[in-house]
Amino acid sequence: MRKISSLEDIIGIEHSKLGFYQELQQHIAKLKETNRKLDERQNEIQVLLNGLTDMMIVIAGDFTILRTNHVFRDFFGSKKDERAYCYQLFAAKNVPCDNCPVITALHTNTTIKTSLIHEINNNFYHFDIIATPLELAGEQAVQIFYRDTTRDKKLQAKYNQAEKMATVGTLAAGVAHEINNPLSAIQGFAEGIHRRLHKIENTIDQELFNDFEEYTKIILKECSRCSAIVRTLLSFSRPQAASLNPLDINKSIQDTLFILKHRLQEKPQINLQLKLAKDLPLITGDEAQLKQVIINLCSNAVDAIETKGDIHITTQKNRRNNRCGIDFTVKDNGYGIIPEIREKLFEPFFTTKPIGKGVGIGLSTCYSIVENHQGEIIVESEAGKGAAFTVFLPENRS
Ligand SMILES: Nc1ncnc2c1ncn2[C@@H]1O[C@H](COP(=O)(O)OP(=O)(O)OP(=O)(O)O)[C@@H](O)[C@H]1O
Ligand SMILES: [Mg+2]
């Protein structure tokens, strides 16, 4: 039996159809080639898209997410698929955000460049955004590139803070010197009067003498207070030569709490709890300065609790920014910190306390001491629920 080798064999004598068949074959070949080129092109586009390090999303006019790239899926997890509303994902809202770049880009039909802060899973992210209107399958849409600048913004904030501290330091040093001279004179003369007072004790009315004695004592006490403030101010610009020694932070905390005993006695309903890790490494630091940090943080915690509350002091080994070290945390459940003042906490002279209660140099002092120790201070707080200040100190200085 003859073997059928091709379609032409089957068609046999139907020559009239052969021309059509050949044309069809050519079309199929062309289509295959076009498909191959399309696949190649699609792969190229995919490679380019995968190379993007910014998050890319295409959002429809009704705010549904139409297309995403791998950065989006890495960020939100692959389950947060397309067709969700952008405001649900980025802002956990049920309505579009204020200053929505999708609305502006569609409205003006221009590319919009802007920056936005989104709170995603309880973390704040800064994004630089470029939104370009486009048409996708006949539908009006906006392609948005999100560049995560959170880290840069944090570094910038730290740099600004350091700059500000340096400027304020120079200013504070000038003022402190100006105050120091008259203060020394007042203190000196008050001591002179106090020493000589007994010479007139029997020559004037006893009540008047007692008043004089009390007044000079008050002058001297207030002078010492001012001297302490001036000394702190001077430490901003000219940090006292730190005497660095290996030290046990747990012991420093225990010693400091001994000094703080009288402050704690003012509010007997405060429950102080210590949880100090036993396996802490020694850190290289200036004990006197670090005790000052502990005092300031604990005093603030005591102040933050109206009458009754808890203060937890904890220490633990930790690793931050590739450096081994220790964390010590002072956490209270006092009035907490409202978001509006978060940025200002470490500014010298920033205080929310009434005159006579706070000068506003506690936290700024802590900041410069911790900076000098190459450490970090992290604040966590919710208004009305309390605050936690964590100080990280590296084990070894670089
Ligand atoms: N644990 C805390 N809870 C709530 N607010 C705090 C806490 N610690 C600091 N603050 C806020 O930060 C501000 C600045 O604190 P800082 O220690 O620098 O100054 P101060 O306590 O007001 O005065 P000073 O420490 O000079 O006596 C405080 O006035 C307070 O508003
Ligand atoms: Mg304070």
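From a predicted model like this one, the values you see are computed outputs, not experimental measurements. (Residues numbered from 1 in each chain as written. Chains lettered and ligands numbered in written order. Predicted model: local features only at pLDDT ≥ 70, side-chain atom pairs only at ≥ 80, totals over all residues.)

Participant: Account for the site of ligand 1, with residues named and values stated.
Facilitator: Taken together, 22 residues surround ligand 1, and among them Asn 300, Thr 351, Gly 358, Gly 362 and Leu 363 come closest. Per element, the largest residue contribution to the shell around ligand 1 is four residues, and it comes from helix α10 (residues 287–304). In terms of residue class, the shell around ligand 1 is built from ten nonpolar, ten polar and two charged. (Near = placed C-beta within 6 Å. Helix = DSSP H or I, 4+ residues; strand = E, 2+ residues; numbered from the N terminus. Nonpolar A, V, L, I, M, F, W, Y, C, P; charged D, E, K, R; others polar.)

Participant: Got a sec to walk through the nonpolar core? Specific residues and values, please.
Facilitator: In this structure, Val 293, Leu 297, Val 330, Cys 366 and Val 391 are the most contacted members of the largest nonpolar core, which totals 28 residues. Among the elements that make up this core, the one with the highest residue count is α10 (seven residues). Leave out the neighbours within four places in its chain, and Leu 297 touches Val 330, Cys 366 and Phe 389. By size, the runner-up hydrophobic cluster in this structure holds 17 residues, among which are Val 102, Ala 131, Val 142 and Tyr 146. (Core = buried A, V, L, I, M, F, W, Y, C linked by C-beta atoms within 7 Å. Buried ≥ 20, exposed ≤ 12 C-beta atoms within 10 Å, placed from the backbone. Contact = placed C-beta atoms within 7 Å.)

Participant: Which residues make up the environment of Glu 191, and what are the values?
Facilitator: Positionally, Glu 191 belongs in helix α6 (residues 150–196). Separated by 25 residues in the primary sequence, Glu 191 and Thr 216 have C-alpha atoms spaced 7.7 Å apart.

Participant: With reference to specific residues and values, describe the confidence of the model for the protein.
Facilitator: In regions of low pLDDT, the predicted coordinates are not meant to be interpreted in detail. Of the residues in the protein, 91% reach a pLDDT of 70 or more, and the chain-wide mean stands at 86. Across the protein, the secondary-structure element scoring lowest on mean pLDDT is helix α1 (residues 7–11), at 62, and the one scoring highest is strand β12 (residues 386–394), at 96. (pLDDT = per-residue confidence, 0-100.)

Participant: I'd like a description of the sheet that holds strand β3 (residues 112–120), backed by residues and values.
Facilitator: Pairing is antiparallel across the open sheet formed by five strands, whose spatial order is β2-β1-β5-β4-β3. Whereas interior strands pair on both sides, the edge strands pair on one side only; in this sheet they are β2 (65–68) and β3. Direction aside, the axes of adjacent strands within the sheet are offset by 30° on average. The sheet contact formed by β3 and strand β4 (residues 123–136) spans nine bridges and is antiparallel. Its bridge partner being in β4, Ile 120 is matched across the sheet by Asn 123. Packed onto the sheet, helix α5 (residues 101–108) meets β1 (55–60), β3, β4 and β5 (139–148) and runs at close to 25° relative to β4. (Pairing = 2+ DSSP bridges. Axes fitted to C-alpha atoms, helices over the stretch in contact; angles between N-to-C directions.)

Participant: Summarise the packing of α10 against helix α11 (residues 362–372); cite the residues concerned and give the values.
Facilitator: Two elements in contact, α10 and α11, have axes separated by 9 Å at closest approach and are oriented at 145°. In this structure, the crossing between α10 and α11 has a hand that is left-handed. Residue-level contacts link Gln 289, Leu 290, Gln 292, Val 293, Asn 296, Leu 297, Ser 299 and Asn 300 of α10 to Gly 362, Leu 363, Thr 365, Cys 366, Ile 369 and Val 370 of α11. Taken together, the residues of the contact of α10 with α11 sort by class into seven nonpolar, seven polar and no charged. (Left-handed = near helix turned anticlockwise from the far one by under 90°.)

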